[in-house]
Amino acid sequence: MASTLLITGANRGVGLALARHYRDAGWAVIGVCRGSGADTAELREVAARVIEGVDVTRPEDVARLAVELEGQRLDLLINNAGLLRDEVLGELDFASIREQMEVNAYAPLRVVEALLGQLGEGSKIANITSRMGSIADNDSGGRYGYRASKAALNAFGKSLAVDLAPRGIAVIQLHPGYVQTRMVNFGGLISPEEAAAGIAARIEALTLATTGTFWHSNGEPLPW
C-alpha cells in the first residue's frame, strides 16, 4: 500500500512541486488548498485526492477537513500554506502582521491539532518555515509580521516535537530556500522543483533522534 501524505497550500509554488515530487515517488498525495475550480486544475492532475475550499485560518474549515479525513492514516503532513507581506517601521500595518500570524503560525498548529487522529507511530510532520524566523540569523531587520510568525511557528514546531515523540511522531522545521514563486514575484534563486527535492530529502532523513530540528532544504542546519 502506498504511503499517504497531506500538503496544505498544495495548488501552486512549492506545494504543487512537492505534490508532483511525492506522486512521482509513488506516494498517494492529498492536496488541500483554499482555491477551487480552475485554481486547482494542475493539482488535480497530480493528487490522488483534492480537498479544496479550505482556509486553514478558519476553525470550521479545518474541522471539516478532519471529518473528511476520518479513518485516513497520514504518514506525512506538510504544513506548507504561507503568507508573506512587508511592513515599514513608522507605518506598521498591524492587521497585516496579525494576518501573517494567523496563516503562518496559528494555522499549522490548528491543522496538527485537528488531524492528530490521522497521525500515528512512524508519521512525520514537516512545517515549511523560513530562516527569516531565526532570531540569531536576523541581521537585516524588517519583515515584522513574517519574521514573527515564522519564529512562532518554529516555537510551535519544537513543542510539537517534544509532545509527539512519545507517540512515535517526528517533527521538522524546514526552510525551502529562496524559491522562484509568486510569493517573491518569481525572484528567487532556486526552482520549486529543487526546493521540493531538498525538502523531501530532509524529511526522509528525519527520525525521532533528530525530531524538533530546523534545517535549510540544502541540508544546512539553521540556528533558532
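Residues numbered from 1 in each chain as written. Predicted model: local features only at pLDDT ≥ 70, side-chain atom pairs only at ≥ 80, totals over all residues. Heavy atoms only, no water.

Examining the environment of Tyr144
Argument step 1. Within the element layout of this structure, Tyr144 appears in helix α5 (residues 144-164).
Argument step 2. Residue Tyr144 is classed as partly exposed on the basis of its relative accessible area, which comes to 35%.
Argument step 3. Between the C-alpha atom of Tyr144 and that of Ser217, which follows or precedes it by 73 residues, the distance is 23 Å.
Argument step 4. Among all residues touching Tyr144, those that are not within four sequence positions of it are Glu87, Leu89, Leu92 and Ile97. (Helix = DSSP H or I, 4+ residues; strand = E, 2+ residues; numbered from the N terminus. Buried < 20%, exposed > 50% of the residue type's maximum accessible area, 1.4 Å probe, protein only. Contact = heavy atoms within 4.5 Å.)

A short note on the side chain of Asn80
Argument step 1. Mapped onto the fold, Asn80 is located in the loop between β4 (74-79) and α4 (94-114).
Argument step 2. Owing to a relative accessible area of 12%, Asn80 belongs among the buried residues under this scheme.
Argument step 3. Look past the residues within four positions of Asn80 in its chain and what remains in contact with it is Ile7, Thr8, Gly9, Val14, Gly15 and Ile128.

What to know about helix α3 (residues 59-68)
Because an α-helix packs 3.6 residues into every turn, residues spaced three or four apart end up facing the same way.
Argument step 1. Regarding α3, the residues found buried are Asp61, Val62, Leu65 and Ala66. Buried residues of α3 fall within an arc of 145° about the axis and therefore sit on the same side.
Argument step 2. In this structure, the buried residues of α3 make contact with β1 (4-8), β2 (28-32), β3 (49-51) and α4. (Arc of directions from axis to C-beta.)

A closer look at empty space enclosed by the protein
Argument step 1. This model, assessed by the stated rule, comprises one cavity of 30 Å³ or more.
Argument step 2. Counted as a void, the largest cavity has a volume near 40 Å³.
Argument step 3. Thr8, Val56, Asn79, Asn80, Ala81, Val103, Ala107, Pro108 and Val111 together form the lining of the largest cavity.
Argument step 4. Considering every element that reaches the lining of the largest cavity, the biggest residue donor is α4, with four residues.
Argument step 5. The residue inventory of the lining of the largest cavity, partitioned by class, reads six nonpolar, three polar and no charged. (1 Å grid on protein atoms, 1.4 Å probe; cavity = no way out; pocket = protein on both sides within 12 Å on 5 of 7 lines; lining within 4 Å. Points joined across faces, edges and corners; volume = space filled by probe spheres on them. Nonpolar A, V, L, I, M, F, W, Y, C, P; charged D, E, K, R; others polar.)

Considering the pattern of salt bridges
Argument step 1. Throughout the structure, instances matching the rule amount to twelve salt bridges.
Argument step 2. A salt bridge links Asp24 to Arg23; the shortest N-O distance between them is 2.6 Å.
Argument step 3. Judged by relative accessible area, which is 59%, Asp24 ranks as exposed.
Argument step 4. Where Arg73 meets Asp75, a salt bridge forms, and the shortest distance between an N and an O atom there is 2.9 Å.
Argument step 5. We classify Arg73 as partly exposed; its relative accessible area is 36%.
Argument step 6. Through salt bridges with shared partners, one network takes in Arg49, Arg64 and Glu68. (Salt bridge = Lys/Arg side-chain N within 4 Å of Asp/Glu carboxyl O.)

A closer look at the pairing of β2
Argument step 1. Counting buried positions along β2 yields four of five residues, so the element is predominantly enclosed.
Argument step 2. Pairing geometry for β1 and β2, over five bridges, is parallel. When the bridges of β2 are listed, Thr4 appears paired with Ala28.
Argument step 3. With helix α1 (residues 13-24) bridging β1 and the parallel β2, this β-α-β connection has right-handed handedness.
Argument step 4. As defined by bridge partners, β2 adjoins β3 across three bridges and the pair is classed as parallel. Directly across from Ile30, in β3, lies its bridge partner Arg49. (Pairing = 2+ DSSP bridges. Right-handed = clockwise from strand over helix to strand, strands pointing away.)

Quick word on the nonpolar core
Argument step 1. Counting residues in hydrophobic clusters, the biggest one holds 29 residues, and the most contacted among them are Ile7, Leu18, Tyr22, Leu43, Ile78 and Ile203.
Argument step 2. Elements represented by at least two residues in this core include exactly β1, α1, β4, β5 (119-128), β6 (170-175) and α6 (192-205).
Argument step 3. Ranked by residue count, the leading element in this core is α1, at six residues.
Argument step 4. The residues contacting Ile7, other than those within four sequence positions of it, are Gly15, Leu18, Ala19, Val29, Ile30, Gly31, Val32, Ile78 and Asn80.
Argument step 5. Ranked by size, the runner-up nonpolar core spans 23 residues in total, among them Val56, Val112, Leu115 and Ala161. (Core = buried A, V, L, I, M, F, W, Y, C linked by side-chain atoms within 4.5 Å.)

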